[in-house]
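Listed below are the residues making up each chain.
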Amino acid sequence: VALVHERSHWDAIEWSVQQEARALLEFAESHESLFLNAHSFEAARLACGSLLELTESVMRGDIRNGLAVVRPPGHHAEAHAAMGFCVFNSVAVAGGG
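A brief report on the enclosed structure follows. (Residues numbered from 1 in each chain as written. Predicted model: local features only at pLDDT ≥ 70, side-chain atom pairs only at ≥ 80, totals over all residues. Heavy atoms only, no water.)

**Focus on unusual backbone geometry**
Generally, phi is negative for residues other than glycine and the peptide bonds are trans, each holding for most cases. Counted only if it meets this: Helical segments are the DSSP runs of H or I of at least four residues, strand segments are the runs of E of at least two, and each set is numbered from the N terminus.
Omega for the bond connecting Arg71 with Pro72 falls within 30 degrees of zero, at -5 degrees, which places this linkage in the cis form. Of note, Pro72 is situated in the loop between α3 (40-60) and α4 (90-94). For Ser33, which is not a glycine, the phi torsion comes out positive at approximately 50 degrees. The topology assignment puts Ser33 in the loop between α2 (21-29) and α3. A positive phi angle, near 70 degrees, is found at Phe85, a position not held by glycine. Structurally, Phe85 can be placed in the loop between α3 and α4.

This is the structure:
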């Protein structure tokens, strides 16, 4: 994740999910098409890690192909900001940055 995203982005998401509901809503509304709750940081890390593990399994030849059905999906997030329902860009992470 650190190869794709600025540290400030990681820190902002980690901070935001620890806030009270009103502050969390204000943070999410300051981004384009973003919805967060107290579990969003963990869910985004698990989604990103799942896609990374799937990609590595395919590349090692352990499996021929795979499909990652994860939420948040990740493909819209930018290096400095979450957007389009995506917190971390798991596609870019799985591609190696």
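**Digging into the pattern of salt bridges**
Rule in force here: Just to be clear on terms, a salt bridge is a Lys or Arg side-chain nitrogen sitting within 4 Å of an Asp or Glu carboxyl oxygen. Classification of residues uses two cut-offs on accessible area relative to the type maximum, computed with a 1.4 Å probe and protein chains only: under 20% is buried, over 50% is exposed, and between them is partly exposed.
Within this structure, the stated rule accounts for four salt bridges. Ionic pairing is found between Arg60 and Glu53, a salt bridge with its closest N-O pair at 3.6 Å. Note on Glu53: relative accessible area 41%, which makes it partly exposed. The partner of Arg60 in a salt bridge is Asp62, with the nearest N and O atoms 2.7 Å apart.

**Digging into α3**
Applicable threshold: Any helix carries an expected span of 1.5 Å times its number of residues minus one. Between two residues, a contact is recorded if the distance between any of their heavy atoms is within 4.5 Å.
Here α3 spans 30 Å end to end across 21 residues, near enough to the 30 Å set by a 1.5 Å rise per residue. Those residues of α3 lying buried are Ser40, Phe41, Ala44, Ala47, Cys48, Leu51, Leu54 and Ser57. On its buried face, α3 is in contact with α1 (7-16) and α4. Gly61 occupies a position one or two residues after α3 and carries a positive phi of about 90 degrees.

**Some details on the side chain of Ser57**
To be explicit about the condition: Under the rule applied, a polar contact is a pair of N or O atoms within 3.5 Å (in protein, one hydrogen donor and one hydrogen acceptor; residues adjacent in sequence only if both atoms are side-chain atoms).
Examined against the element boundaries, Ser57 turns out to sit in helix α3. In terms of polar contacts, Ser57 uses its side chain to reach the side chain of Arg60, at 3.3 Å. Residue contacts for Ser57: discarding those within four places in its chain leaves Asp62 and Ile63.

**Focus on the nonpolar core**
Rule in force here: By nonpolar core is meant a set of buried Ala, Val, Leu, Ile, Met, Phe, Trp, Tyr and Cys residues that side-chain atoms within 4.5 Å join together.
Counting twelve residues, the largest nonpolar core consists of Ile13, Val17, Leu24, Phe27, Ala28, Leu34, Leu36, Phe41, Ala44, Ala82, Val87 and Phe88. Put simply, the parts of the chain that give this core at least two residues each are α2 and α3. Looking at which element gives the most residues to this core, the answer is α2, with three residues. If near-sequence neighbours (up to four positions away) are discounted, Ala28 is found in contact with Leu34, Phe35 and Leu36.

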